[in-house]
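Here's the letter readout for the chains.
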Amino acid sequence: MEILIDVHNHTIASGHAYSTIQEIAAEASRKGLKYVGITDHGPKMIKGPHIYHIRNQRIIPRIINGVEILKGVESNILNQEGKLDVPDEVLEELDIVLAGLHDVCIEPWDVEGNTKALLKVMENENVDIISHPGNPKFPIDKEKFVLKAKETNTLVEINDSSFRTSREGSKENCRDIALLCKKHRVPVIVNSDSHISFDVGRVDKAINLLKDIEMPEELIINACIDRFENHFRDKRKSRFI
Ligand SMILES: [Zn+2]
Ligand SMILES: [Zn+2]
């Protein structure tokens, strides 16, 4: 299985990442990727970018070094009602929108509260992907989460950095979530969540976990370019229509 799409990457604009868009595109090109997503954190992250920075991505070329650049954001979930730190009118203009729970932005709630926040955010049709839902700092009702992803056509991320450098203790949760996705036929997306260009396209640990549970390949949305494009076309994302 070859993954030629990695839609979750951070640039220096995130405040705690170390590469530029050009460096990310160069690495993506070197690795033969077809799509690379630029998804800096939303403004509530410590030293995160201003909303103008997120919106101004329209000036970034569509193709750099032969790699198509998807302009996006990893927005922060701010409350249990699913409020995000990027307004809908900005999210609407982007190619890819991730939403995630980050403990530097909010205090974790209990299982019920964390689950409610994710379910609410998935009702926002601008949200494409829930980033790292297996984070043990934000325990959730995994089955409710997966069923809501199915109902709302939201992608469940299997985040490779959760098995390397971030969110220690994620593996069991991610495995459970992936098994539930398999059971309920809910698509997942594997992403690097790179914070330095060397890690762009690095998803081997996420893929190993999916191989381990014998995840059907057709449920890995970015294992096939047509499947990935069709998914976003069906979501009426303007870039793919
Ligand atoms: Zn994140
Ligand atoms: Zn991230």
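Quick look at the structure, then.

The rules behind these values
- Residue positions within a chain follow its written sequence, with the count starting from 1.
- Chain labels run from A onward and ligand labels from 1 onward, assigned in the order the entries are written.
- Only residues with pLDDT of 70 or above have their local features reported here, since the model is predicted, and side-chain atom pairs are shown and tallied only from 80 upward, although totals for entire chains, interfaces and linings are computed over all residues.
- Each side-chain value is worked out from all heavy atoms of the structure, with water and hydrogens disregarded.
- A donor here means an N, O or S atom no more than 2.8 Å from the metal, or no more than 3.2 Å when the metal is Na, K or Ca. Since water is not included, a site may seem to lack partners.
- Think of it this way: any DSSP run of H or I at least four residues long counts as a helix, any run of E at least two long counts as a strand, and we number them from the N terminus.
- Each residue's exposure class comes from its accessible area (1.4 Å probe, protein chains only) as a fraction of the maximum for that residue type: buried when under 20%, exposed when over 50%, partly exposed otherwise.
- Angle rules define the geometry names used: all angles between 85 and 135 degrees makes four donors tetrahedral, while opposite donors over 155 degrees apart and all other angles between 65 and 115 make four donors square planar and six octahedral, leaving every other case irregular.

**A word on the coordination of the zinc ion (ligand 1)**
(1) Moving on: Coordination of the zinc ion (ligand 1) by the protein is provided by E74 (OE), H102 (NE2) and H132 (NE2), with metal-donor distances spanning 2.1 to 2.2 Å.
(2) Moving on: Written as a sequence motif, the donor arrangement for the zinc ion (ligand 1) is E-x27-H-x29-H.
(3) Moving on: The distance between the zinc ion (ligand 1) and the zinc ion (ligand 2) is 3.4 Å, with E74 acting as a donor to both metals. One end of the pair, E74, is in strand β4 (residues 67-76); the other, H102, is in the loop between β5 (96-100) and α4 (111-122), and 28 residues separate them in sequence.

**So, unusual backbone geometry**
(1) Moving on: Although it is not a glycine, K47 adopts a positive phi angle of roughly 60°.
(2) Moving on: Looking at the element boundaries, K47 is found in the loop between β2 (35-38) and α2 (51-55).
(3) Moving on: A relative accessible area of 67% places K47 in the exposed class.
(4) Moving on: One non-glycine residue with positive phi stands out, namely N153, at about 60°.
(5) Moving on: With respect to the helices, strands and loops of the structure, N153 is situated in the loop between α5 (142-152) and β7 (155-159).

**Some remarks on the coordination of the zinc ion (ligand 2)**
(1) Moving on: H8 (NE2), H10 (NE2), E74 (OE) and D193 (OD) make up the full set of protein donors to the zinc ion (ligand 2), lying at 2.0 to 2.2 Å.
(2) Moving on: One can describe the site at the zinc ion (ligand 2) as irregular: its 4 donor atoms subtend angles covering 80 to 171° at the metal.

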